[in-house]
Amino acid sequence: LDGIELVLDPQRAVLMSMGEHTVEGSAAGYQTVRRALHAEGGTESSLSIELPRVVEVTPSAERRDEPQPLRKKWWLWTGVGAVVVAGVTAGLIAALHDSGTRDASGGNTGVRLQVSPP
């Protein structure tokens, strides 16, 4: 209370002078909170202060805020993989494609069959 540590009586109360006061709550691992308090003569008041926990920043949390390099993006490598697969597939199709004549079964006989009308 006003920069002086409180000493509470058995009923967990404190007697203070009339007027404006500043109440400060603090504890290890919690954020310090200050509240203004106006005390009037002959009255009783209660004040509750909830201290929020201190949020510690870990190195991994700091890294999450930094932009990730392009080479570490999953979608980039998925796209690269798709292009490679498409290229290999196109290359295989081109290599296996033969412009020679084919027999009825679909295979290549190397013989050209010409049918004349009857």
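Residues numbered from 1 in each chain as written. Predicted model: local features only at pLDDT ≥ 70, side-chain atom pairs only at ≥ 80, totals over all residues. Heavy atoms only, no water.

Peer 1: Describe the side chain of His21, and please don't skip the residues or the numbers.
Peer 2: Mapped onto the fold, His21 is located in strand β1 (residues 19–25). A distance of 2.6 Å separates a polar atom in the side chain of His21 from a polar atom in the side chain of Asp2. Separated by 2.7 Å, the side chain of His21 and the backbone oxygen of Ser17 make a polar contact. Sequence-distant contacts of His21, that is, excluding residues within four places in its chain, are made with Leu1, Asp2, Met16, Arg35, Ala36, Leu37 and Ala39. (Helix = DSSP H or I, 4+ residues; strand = E, 2+ residues; numbered from the N terminus. Polar contact = N/O pair within 3.5 Å; in protein donor to acceptor, adjacent residues only side chain to side chain. Contact = heavy atoms within 4.5 Å.)

Peer 1: Run through unusual backbone geometry, naming residues and quoting values.
Peer 2: For Asp2, which is not glycine, the phi torsion reads 55° and is therefore positive. For Asp2, the location among the structural elements is in the segment before β1.

Peer 1: Could you give an account of a nonpolar patch on the surface, naming the residues involved and the relevant values?
Peer 2: On the surface, a nonpolar cluster with roughly 630 Å² of combined accessible area is contributed by Trp77, Val80, Val84, Val88, Leu92 and Leu96. The exposed category is assigned to Leu92, whose relative accessible area is 51%. (Patch = residues over 30% accessible without salt bridge, like charges linked within 9 Å, V, L, I, M, F, W, Y side chains within 5 Å. Areas by Shrake-Rupley, 256 points an atom, 1.4 Å probe, with all protein chains shown as cover. Salt bridge = Lys/Arg side-chain N within 4 Å of Asp/Glu carboxyl O. Buried < 20%, exposed > 50% of the residue type's maximum accessible area, 1.4 Å probe, protein only.)

Peer 1: Can you explain the confidence of the model for the protein? Please cite residues and give values.
Peer 2: Low-pLDDT portions of the prediction should not be read for the details of their coordinates. For the protein, the average pLDDT comes to 78, and 75% of its residues sit at 70 or higher. Of all helices and strands in the protein, the one with the weakest mean pLDDT is helix α1 (residues 59–65) (60), whereas helix α2 (residues 74–96) scores best (89). (pLDDT = per-residue confidence, 0-100.)

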